[in-house]
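Here's the letter readout for the chains.
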Amino acid sequence: MSDSVIASFDVNGRSREVLVKSYHTLLEILREDLGLTGTKHGCELGECGACTVLVDGLPQLSCLLLPHQVEGKEITTIEGLAGSGDELHPLQEAFVETGAVQCGYCTPSMLLTAKALLEENPSPGRQEIAEALSGNLCRCTGYEAITRAVELAATRMEA
Amino acid sequence: MRVVGKPLAKVDARAKVTGSTLYADDLIFPGTLFCKLLRSPHPYARIKHMDLNAAKAVEGVVAVITGNDLPVKYGILPISQDEHALESEKVRYVGDPVAAVAAVDEETAALAAEKIRVEYEVLDPVTSIEEALSEPVDEPIHDYGGPSNIHKMAALSFGNLEAGFAEADHIREDVFFYGGNTHLPMEEHSAIATYVDGKLTLWSSTQTPHYVHRAVSKVMGLPMSAIRVVATPHGGGFGGKTDPFSHEMAVCKLAMVTGKPVKCTLTREEVFYAHRGRHPVLMWVRTGMKRNGRITAMHFKTALDGGAYGSYGVATLFYTGALQTTTYDIPAYRFEGARVFTNKAPCGPKRGHGTPQPRFALELHLDKMAEDLGLDPVEVRRRNYVKPNTTTVNWLRITSCGLEEITDRVLQASSYVNRQRAVGHGMGFAVSSYLCGAGLPIYWNSLPHSECLIKLDRGGVTVYCGATDIGQGSDTVIATVVAEELGLWPSDIRLVTGDTGFAPVDLGSYSSRVTFMAGNAALDAARKLRNLIAEVAAESMGCSPGEIEVGDGKFGTLSFEEAAQLAQERFGAISTTGSYRPPDLAGPYKGSGVGPSPAYSYSAAVVDIDVDPETGIIKVNKVWLAHDIGRSINPVSVRGQVEGGVYMGLGEALMEEQAYRKALPKQPSMLDYKSLTSIDMPEVETILVETNDPEGPYGAKEVGQGPLLPVVPAVVSAVHDALGVWIDQVPVTPDKIMKALDAKTKGQAPRFGPKSFPDIAYPQYVKVDTPHVATQAI
């Protein structure tokens, strides 16, 4: 067990301690050790953005993070985006309404990246949205409906 | 219509935004073993010897299998059964699988796979269409087809070509090349299998569970009744997950060998090897035209680089010649094509299957003919547009056709006619057409193409249909159709789809067939159920069934639940079935199976670009896309398909290319394989035209593939508009533009593209009698 370490961080508001291989990525720990399969993988090389989670509120690629890099941090995954109960986050509502979800595989990463954007800039323009999402690839939507969804959510959250 | 045509949320969207949708790689069962494939590092080699001992000795390895364990060949088409799940004699491309390991975890499986010793005798790879056409240095890649490395040839001639050319005032020839590209789905292929009590179950990210079911049955030697294939929620297909794959066969076999669940998820690099992407196609076209722009004859030749295996390639080959006639009324037409084998990852179907390449060539060729004759390129097209309810020269039946209206609408919206003229700014226009489902199945049979079963029990409606939602929204279409008929909301309907164990047959999500075919099957079953419930409700209310108004959760004055309860009391267990089989549309000639469809969609695009004459860099400002959808079942989903199609078309036009250097893949990673990001994507204005197709469900037609097609030629046409150079080869990268500008400066032909088309010994063409009656005066 010499190459195992205890990873300890908060996930979606709950503190977790997991015995993991020191070289396993946050992506693997979330999906395989914690059963949080809402975080997706498209390359595991930091190229596609599908595995984006929030680390202390900022979008990070979980496939490139090792346990020691997230020690004591607050991680938000897609499972933690909505509040408790049946309520969706305004971004999730907007994604559903505008057809921003097709195959849905990039959707968790898009939502979390957009959440971080709106926290920093509550009323972004189209170009700012495009720049914020430019590290997250989507092959279905052409990004159009996703951009509309972020605009809609921003308007509603401002109101 | 209460729900059809309304912008309702997709039935699976909520699960997808909360991360609760379970894709194939999210599935795991207690005791699951993990599988890794060992793949060939050589483009072409004989396998001399394999030593598995070191791999088997790794702690945690449970089984290692090779081609000897999976000797039965398969392939998606009955005429191209040329693949082994694991090759034992010869490898034909970099990435060809040769062995599979099952171990307690993925890391152990990967480590063990690396320890398998394979002794190869390296052969001289075939790397291009030209090489494949000439005498091979080593033996041909396959032991069928030929001569040389030709896989398959086609030659068909309709009407009197010579007379057509003799009638022409102007004849022009052009050569084009369309580079190959890949689907790049966000989700890497994944499959997991269990073998319990002699029954095999495979969950896979496939678009075609029915065809995988058949192939697994053949390779495993099990009856289809002992196998269940479940298409899991899908992280992107675009045609890339329509073949049966090695990893699917490997997990099935390993589950049978070990008695444990076995899972295999490809790495991103492996997804590039699995490929089955867009065929690179070299094209030659010769057209005769009257001075007024009317086409008198067309001769179209293609040469396809098929890569290492057959896949869908024979169908692709015929598709490169089939749909030229569904937009333009061509009185005499000859098509000759050849698909060759090369030592590259196998090509197959990608969104538009075999038709974006000839569409690119055809549209630009017409632009050039218009320029030669001093005619407006839009007017040249209009002069040749097919008309509704006609038959083309190659026996394709046209029913609803909105070509004129989509042209009017897209030109008006984009102000194309009054566009600003300036060096470096350009606009391009193109049209296209696509199938609403292939008229014939992939293997000969006379079963319905889609079947649907609806169960009514305790007030709840469950729909069972083999159709497979790959993100395009087919579950939503089926739920909407059933909800419309039963007066419910789509979200009230429970769906069991893409599951060969529980749902009746549907051929799969390919050829844009699901809305049309599964939609009609669902409509058939739902109307039968509606009639049963209405009969009982009418009795209870003392009126005739025809008087029962259905909607808003009610049958007349009864709630849906009350009416359903009465129906169950009266009939006992209730289920209804529906099915759809397209009319027999194939023409009376060999090769007529590719092209017929119960309906065709139509798309028209205008693309506005700026292109820098100093760098050749293109900036796309806006795309207008008008689409003849027949009728929108869900306008939000339809718009999404249009935007996605435009996006993928722009990628193919500008940057996407699956490139090789001496048969070695140049860029098997998402960073190196360029695709548009959110920053590169221009605004898209979608214009939907409803022509109300007589045979589509509520008049609906396809939208999944058609809108990609006109985008590629419209981009190239815009480049010509901006700089006066023709780029006859996609992707239109800046270097090609600079080379064309350089040629223009030197007084050479202002173009970049292939210089000639090889002399291919096509077989003597089959001369086909034509039903064609010209719909426009010559």
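Predicted model, so just to flag it, every value in this text is computed and none were measured.

A. Structural detail: the overall build of chain A. Counting its secondary structure elements, chain A contains five helices and five strands. The order of helices and strands in chain A, counted from the N terminus, is β-β-α-β-β-β-α-α-α-α. Relative to its length of 159 residues, chain A is compact, with a C-alpha radius of gyration of 16 Å against a globular reference of 15 Å. The 159 residues of chain A split such that 58% are buried. Considering only contacts within chain A whose residues lie at least 6 apart along the sequence, 53% involve residues at least 24 apart.

B. Molecular detail of the overall build of chain B. Summing up its helical and strand segments, chain B has 18 helices and 34 strands in all. Projected onto the principal axes, the alpha-carbon positions of chain B cover approximately 80 × 75 × 50 Å. Here chain B holds 778 residues, and the buried ones make up 66% of them. If you take every contact in chain B between residues at least 6 apart in sequence, the share linking residues at least 24 apart comes to 81%.

C. A look at the domain arrangement of chain B. Residue and element names in this part refer to chain B. Looking at the assigned domains, one finds that chain B contains domain 1 (32-123 + 186-236 + 241-274), domain 2 (281-440 + 588-756) and domain 3 (447-580). Computed from C-alpha coordinates alone, the two centres of domain 1 and domain 2 are separated by 36 Å. With 23 residues of domain 1 at the interface, the matching set in domain 2 holds 25 residues. Counting across the domain 1 and domain 2 interface gives nine residue pairs in polar contact (both at pLDDT 80 or more). The biggest single contributor to the side of domain 1 that touches domain 2 is helix 8 (residues 268-274), with five residues. Among the residues forming the side of domain 1 that touches domain 2, the class breakdown is twelve nonpolar, three polar and eight charged.

D. How the structure looks around unusual backbone geometry. All names here are of chain B. The step from Gly146 to Pro147 runs through a cis peptide bond, and the omega angle for that step is 0°. Turning to its location among the elements, Pro147 is positioned in the loop between helix 4 (129-133) and strand 7 (150-158). Not every positive phi belongs to a glycine, and Leu184 is a case in point at roughly 50°. Within the fold, Leu184 resides in the loop between strand 8 (170-178) and strand 9 (190-196). The class for Leu184 is buried, based on a relative accessible area of 2%. A positive phi angle, near 55°, is found at Asn389, a position not held by glycine.

E. Here's a closer look at the interface of chain A and chain B. Each partner contributes residues to the interface: chain A has 45 residues there, and chain B has 50 residues. Of the roughly 3900 Å² buried where chain A meets chain B, counting both sides, 55% is carbon and sulfur surface. Counting across the interface, chain A meets chain B through six salt bridges. Counting across the chain A and chain B interface gives 32 residue pairs in polar contact (both at pLDDT 80 or more). Those elements that provide at least two residues to the side of chain A that touches chain B are helix 2 (90-98), helix 3 (107-120), helix 4 (126-133) and helix 5 (144-158) of chain A.

F. Just the domain arrangement of chain A, in detail. Residue and element names in this part refer to chain A. When the domains of chain A are assigned, the result is domain 1 (4-80) and domain 2 (90-158). For domain 1 and domain 2, the distance between their C-alpha centres works out to 22 Å. With 15 residues of domain 1 at the contact, the number on the domain 2 side is twelve residues. With both sides pooled, the region where domain 1 packs onto domain 2 buries about 1100 Å², and carbon together with sulfur makes up 66% of that total. Put simply, domain 1 and domain 2 have zero salt bridges between them.

G. Region of interest: helix 3 of chain A. Residue and element names in this part refer to chain A. With 14 residues, helix 3 extends 20 Å between its outermost C-alpha atoms, agreeing within 8% with the 20 Å of an ideal straight helix rising 1.5 Å per residue. Counted residue by residue, helix 3 has twelve buried out of 14 residues, so it is predominantly covered. Three or more residues of helix 3 are buried, namely Thr107, Pro108, Ser109, Met110, Leu111, Leu112, Thr113, Ala114, Lys115, Ala116, Leu117 and Leu118.

H. Focus on the environment of Val417(B). Residues and elements named next belong to chain B. Inspection of the secondary structure assignment puts Val417 in the loop between helix 12 (403-414) and strand 18 (425-435). Judged by relative accessible area, which is 58%, Val417 ranks as exposed. Between the C-alpha atom of Val417 and that of Ser432, which follows or precedes it by 15 residues, the distance is 19 Å.

I. The packing of helix 2 of chain A against helix 5 of chain A, seen in detail. Residues and elements named next belong to chain A. Axis separation between helix 2 and helix 5 bottoms out at 8 Å; the angle between their running directions is 135°. With respect to their mutual orientation, helix 2 and helix 5 come out oblique. When the axes of helix 2 and helix 5 are compared, the crossing they make is right-handed. Facing helix 2, whose interface residues are Pro90, Leu91, Glu93, Ala94, Phe95, Glu97 and Thr98, helix 5 presents Ala145, Ile146, Arg148, Ala149, Val150, Leu152, Ala153, Arg156 and Met157. Across the contact of helix 2 with helix 5, the residue classes tally to eleven nonpolar, one polar and four charged.

J. Seen up close, the pairing of strand 21 (residues 494-497) of chain B. All names here are of chain B. Sheet analysis places strand 20 (residues 460-465) next to strand 21, joined by four bridges and oriented parallel. If you follow Thr462 over to strand 21, its bridge partner there is Arg494. Regarding topology, helix 13 (residues 474-486) serves as the crossover connection from strand 20 to the parallel strand 21, and that connection is right-handed.

K. Geometry of the nonpolar core. Judged by nonpolar contacts, the single largest core of 153 residues is most densely connected at Phe95(A) and Phe429(B). Counting residues per element, this core draws most heavily on helix 17 (residues 711-723) of chain B, at nine residues. Core analysis: the next-biggest nonpolar cluster, separate from the first, contains 48 residues, Ala537(B), Phe560(B), Ala564(B) and Ile633(B) among them.

L. Fine view of the sheet that holds strand 4 (residues 58-61) of chain A. Residue and element names in this part refer to chain A. Strand order in the open sheet formed by five strands is 2-1-5-3-4, with mixed pairing between adjacent strands. At either end of the open sheet lies a strand with only one pairing partner, and these are strand 2 (14-21) and strand 4. Recorded for the sheet is a direction-independent mean angle of 45° between the axes of neighbouring strands. Strand contacts of helix 1 (residues 26-33): strand 1 (4-11), strand 2, strand 3 (52-55) and strand 5 (74-76), with the helix running at about 105° to strand 2, the strand carrying the most contacts.

M. Representation of helix 1 of chain A in the model. Residues and elements named next belong to chain A. Across the eight residues of helix 1, six count as buried, placing the element largely inside the fold. Turning to helix 1, its buried residues number three or more, namely Leu26, Leu27, Glu28, Ile29, Leu30 and Arg31. In this fold, the buried residues of helix 1 make contact with strand 1, strand 2, strand 3 and strand 5. Positive phi appears at Gly35, one or two residues downstream of helix 1, with a value of about 70°.

N. Spotlight on the sheet that holds strand 4 (residues 90-91) of chain B. With respect to topology, three strands assemble into an open sheet ordered 4-2-6 (chain B), the strand pairing being antiparallel. If you trace the sheet from one side to the other, it starts and ends with strand 4 and strand 6 (117-122) of chain B, each paired once.

Each value, and the rule that gives it
- Residues numbered from 1 in each chain as written.
- Chains lettered and ligands numbered in written order.
- Predicted model: local features only at pLDDT ≥ 70, side-chain atom pairs only at ≥ 80, totals over all residues.
- Heavy atoms only, no water.
- Helix = DSSP H or I, 4+ residues; strand = E, 2+ residues; numbered from the N terminus.
- Rg over C-alpha atoms; globule rule 2.2 N^0.38 Å.
- Buried < 20%, exposed > 50% of the residue type's maximum accessible area, 1.4 Å probe, protein only.
- Contact = heavy atoms within 4.5 Å.
- Domains from an automatic or database assignment.
- Polar contact = N/O pair within 3.5 Å; in protein donor to acceptor, adjacent residues only side chain to side chain.
- Nonpolar A, V, L, I, M, F, W, Y, C, P; charged D, E, K, R; others polar.
- Buried area = accessible area lost by both parts, 1.4 Å probe.
- Salt bridge = Lys/Arg side-chain N within 4 Å of Asp/Glu carboxyl O.
- Expected span 1.5 Å × (residues − 1).
- Axes fitted to C-alpha atoms, helices over the stretch in contact; angles between N-to-C directions.
- Parallel < 35°, antiparallel > 145°, perpendicular 65-115°, else oblique.
- Left-handed = near helix turned anticlockwise from the far one by under 90°.
- Pairing = 2+ DSSP bridges.
- Right-handed = clockwise from strand over helix to strand, strands pointing away.
- Core = buried A, V, L, I, M, F, W, Y, C linked by side-chain atoms within 4.5 Å.

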